[in-house]
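Chain residues, written in single-letter form:
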Amino acid sequence: MSEAAKISKATYHLYTFTISKLISTFGSSVYAFGISLYVLALTGSAANFALNLICSILPRTLLAPFAGYIADNYSKKMIVILAQLASALAVAGLLVYSIYAGLSLPAIYTTTALISVSSMFASVTFSSAIANLIDADRIQKAMGFNQSAIAIATIGGPVVGGILFGFVSMNVFLIIQVAAYLVAVVLESTMNFKLFTNRIAETAGAVKKSMAAGMKEGFVYLKSNRVVMVIVTVAVGINFFFSALMIGLPFIAVQELKIEATHFGFIEAMIAVGMLLASIYFSVGKEVKFPLRFSKRGILVMSVLLAGLALPLMVDLSYNGSVVFFLVLMLVFGVTNVFVNTPIGVMMQKDVEEEYRGRVFGILESMAMAMMPLGYLIFGLLYDLVPAEYVVIGSSLCLIVLTSFMMRPSILKQAHPELDQDFIPAAPDLQK
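Parameters and conventions
- Residues numbered from 1 in each chain as written.
- Predicted model: local features only at pLDDT ≥ 70, side-chain atom pairs only at ≥ 80, totals over all residues.
- Heavy atoms only, no water.
- UniProt positions renumbered as here; feature names shortened; annotations may be inferred.
- Helix = DSSP H or I, 4+ residues; strand = E, 2+ residues; numbered from the N terminus.
- Rg over C-alpha atoms; globule rule 2.2 N^0.38 Å.
- Buried < 20%, exposed > 50% of the residue type's maximum accessible area, 1.4 Å probe, protein only.
- Core = buried A, V, L, I, M, F, W, Y, C linked by side-chain atoms within 4.5 Å.
- Contact = heavy atoms within 4.5 Å.
- Expected span 1.5 Å × (residues − 1).
- Axes fitted to C-alpha atoms, helices over the stretch in contact; angles between N-to-C directions.
- Parallel < 35°, antiparallel > 145°, perpendicular 65-115°, else oblique.
- Left-handed = near helix turned anticlockwise from the far one by under 90°.
- Nonpolar A, V, L, I, M, F, W, Y, C, P; charged D, E, K, R; others polar.
- pLDDT = per-residue confidence, 0-100.
- Phe/Tyr/Trp six-rings, centres within 6.5 Å; stacked < 30°, edge-to-face > 60°.
- Lys NZ or Arg CZ within 6 Å of the ring centre and 35° of its normal.
- Salt bridge = Lys/Arg side-chain N within 4 Å of Asp/Glu carboxyl O.

- The protein chain carries the name MFS transporter in an unreviewed UniProt entry, which gives Planomicrobium okeanokoites as its organism.
- Its UniProt record, at the heading Subcellular location (unreviewed entry), says of the protein chain: "Cell membrane".

Printed below as a string of structure tokens:
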């Protein structure tokens, strides 16, 4: 295929990938919100709601490294298509079950777990395939579009889910979900997942490594790549300490400051609005020159924003003043979140060797996801035992220390050797 034809196909991938991601992510968001409302309406129990959430998180945490191994060793296109079909079949199975036996909690929990696993396989495989689908010069644009799709789904998913839950039967709700997954499958079937591959095709007689050996190889590669190891470690730290924000924001705003539920909904929505604005910026802007340094600054800003949660508890603000403060804080947090994730995502697409990319993204997802329930548990207990302002300020300081140490100048220069040249004065022109 000629270079011009490749670029043309990559352009097609750019928009097809975005539409597919939007449909599948939006569908998952609508499903999660609608099913959660159904569970609450059916049982009135927060514990049952939490159990459904655990069924969504736990399988992703345990199986993400396996998904990475599969993505590195088998056809990425086939994995993505089969994963999306599995999601469609899981929802269709719940639909058939509900028609003949009525919805039950075990059926909902099982479907949630199955969708979690299948969507995780699709997500890890897609993440490892972006550099194969899109030319190197437009990977940042693709990552920006990807973040835009996530932000739109985050904003619109609960709205559409709430509307559907209120106006159509659960069976119609599930049929819409199946249709969304099938449309994504049709789009993904037209994509060439080997367009920019650098891997040499294996010979017919080549023996594949066992799964255990292949996964061990992925961990060894991760440990040997110091910069990527730093990124994974910091990502785990961010997910853990920002559990303080996810638990602390509703606790401080609703419990401590008595902000109304309607206003709090707008406050939470501002995170997604900020993500959308930043994603648009990255989709049209120039590629970041030093992504690791750029992301480090973003994490430090996020750390300060985390500490900012304590301000209304320490300074006497009016009700309206507190609402406006949180609206602005969450908007900036959403912007900064994308400013951290997108440059690092682009860097990993380019710097991680193709044959290890799936396993690295799988390990990253597994470790990051594992920190969420742990963080929720620890910070949930801390907010009951310690004043909230101490928890968020302490978490902020810990994240600043972690980031400053893990992304110290020597690491930044290893990731970006050109940084040393920034301080070397240009040689004088002796011919003048």
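1. Describing the overall build of the protein chain
Right, on to step 1. Within the protein chain, the secondary structure is distributed over 17 helices and zero strands.
Right, on to step 2. The C-alpha atoms of the protein chain give a radius of gyration of 23 Å, which matches the 22 Å a tight globule of 432 residues would have.
Right, on to step 3. In terms of principal-axis extent, the alpha carbons of the protein chain reach across some 80 × 60 × 40 Å.
Right, on to step 4. Per-residue burial for the protein chain yields a buried fraction of 49% across its 432 residues.

2. Examining the nonpolar core
Right, on to step 1. Formed by 65 residues in total, the largest nonpolar core has its most connected members in L292, L309, F326 and M348.
Right, on to step 2. Membership of the second largest hydrophobic core comes to 23 residues, among which are Y31, L95, L164 and Y181.

3. Quick word on the environment of A122
Right, on to step 1. Mapped onto the elements, A122 comes out in helix α4 (residues 105-133).
Right, on to step 2. Given the relative accessible area of 6%, A122 is considered buried.
Right, on to step 3. C-alpha of A122 to C-alpha of S56: the two residues are 66 residues apart in sequence and 15 Å apart in space.
Right, on to step 4. Dropping the residues within four chain positions of it, A122 is found in contact with V80 and A83.

4. Some points on the environment of A107
Right, on to step 1. For A107, the location among the structural elements is in helix α4.
Right, on to step 2. Sequence separation between A107 and S303 is 196 residues; the distance between their C-alpha atoms is 41 Å.
Right, on to step 3. Ignoring any residue separated from it by four or fewer positions in sequence, one finds A107 in contact with L94 and Y97.

5. Considering helix α8 (residues 226-241)
Right, on to step 1. Between its first and last C-alpha atoms α8 spans 22 Å; for 16 residues at 1.5 Å apiece the expected length is 22 Å, and the two agree.
Right, on to step 2. By the burial criterion, the buried members of α8 are V227, V228, V230, I231, V232, V234, V236, G237, I238, F240 and F241.

6. Digging into the side chain of S20
Right, on to step 1. With respect to the helices and strands, S20 occurs in helix α1 (residues 3-43).
Right, on to step 2. Ignoring sequence-local partners within four residues, the contact set of S20 consists of F126, A184, L187 and E188.

7. Structural notes on the packing of helix α3 (residues 76-101) against helix α6 (residues 170-188)
Right, on to step 1. Here α3 crosses α6 at 165°, and the two axes come no closer than 9 Å. Our classification of the angle between α3 and α6 gives roughly antiparallel. Crossing of α3 against α6: the hand is left-handed.
Right, on to step 2. A class-by-class count of the residues in the contact of α3 with α6 yields 16 nonpolar, five polar and two charged.

8. Re the packing of α8 against helix α15 (residues 388-406)
Right, on to step 1. Close contact between α8 and α15 brings their axes to 10 Å; oriented N to C, the two are set at 175°. Comparing their axes, α15 and α8 come out roughly antiparallel. Seen from α8, the contacting residues are V230, T233, V234, G237, I238 and F241; seen from α15, they are S395, C398, L399, L402 and M406.
Right, on to step 2. Looking at the contact of α8 with α15 residue by residue, the class counts come to eight nonpolar, three polar and no charged.

9. Details of the confidence of the model for the protein chain
Right, on to step 1. Per-chain confidence: the protein chain averages 84 in pLDDT, with 92% of residues scoring 70 or above.
Right, on to step 2. In this model, residues 422-432 is a region of pLDDT below 50 whose contacts with residues beyond four sequence positions or in other chains number two contacts.

10. Brief notes about the packing of aromatic side chains
Right, on to step 1. Summed over all chains, the structure comprises 14 aromatic pairs.
Right, on to step 2. Considering the side-chain rings of F126 and F193, the 5.7 Å spacing of their centres and the 35° angle between planes classify their relative orientation as tilted. Residue F126 is located in helix α4, and its partner F193 is located in the loop between α6 and α7 (211-224); the two are separated by 67 residues in the primary sequence. The pair F126 / F193 is uniform in exposure class, with both members buried.
Right, on to step 3. Ring geometry for F294 and F339: centres 5.6 Å apart, planes at 25°, overall stacked. One end of the pair, F294, is in helix α11 (residues 291-308); the other, F339, is in helix α13 (residues 319-351), and 45 residues separate them in sequence.
Right, on to step 4. Taking the relative accessible area as the measure of exposure, F339 reaches 23% and is therefore partly exposed.
Right, on to step 5. R408 extends its terminal NZ or CZ atom over the ring of F405, reaching a point 4.5 Å from the ring centre.

11. Quick notes on helix α10 (residues 261-284)
Right, on to step 1. Between its first and last C-alpha, α10 extends 36 Å over 24 residues, near the 34 Å set by a 1.5 Å rise per residue.
Right, on to step 2. If you check which residues of α10 are buried, you get F264, I267, I271, A272, G274, M275, A278, S279, F282 and S283.

12. Remarks on the pattern of salt bridges
Right, on to step 1. Within the structure shown, the criterion is met by five salt bridges.
Right, on to step 2. Close ionic contact of R60 with E365 constitutes a salt bridge, the shortest N to O distance being 2.6 Å. With R60 in helix α2 (residues 46-73) and E365 in helix α14 (residues 357-385), this pair connects stretches of sequence that are 305 residues apart. Across this residue pair, the class does not change: R60 and E365 are buried.

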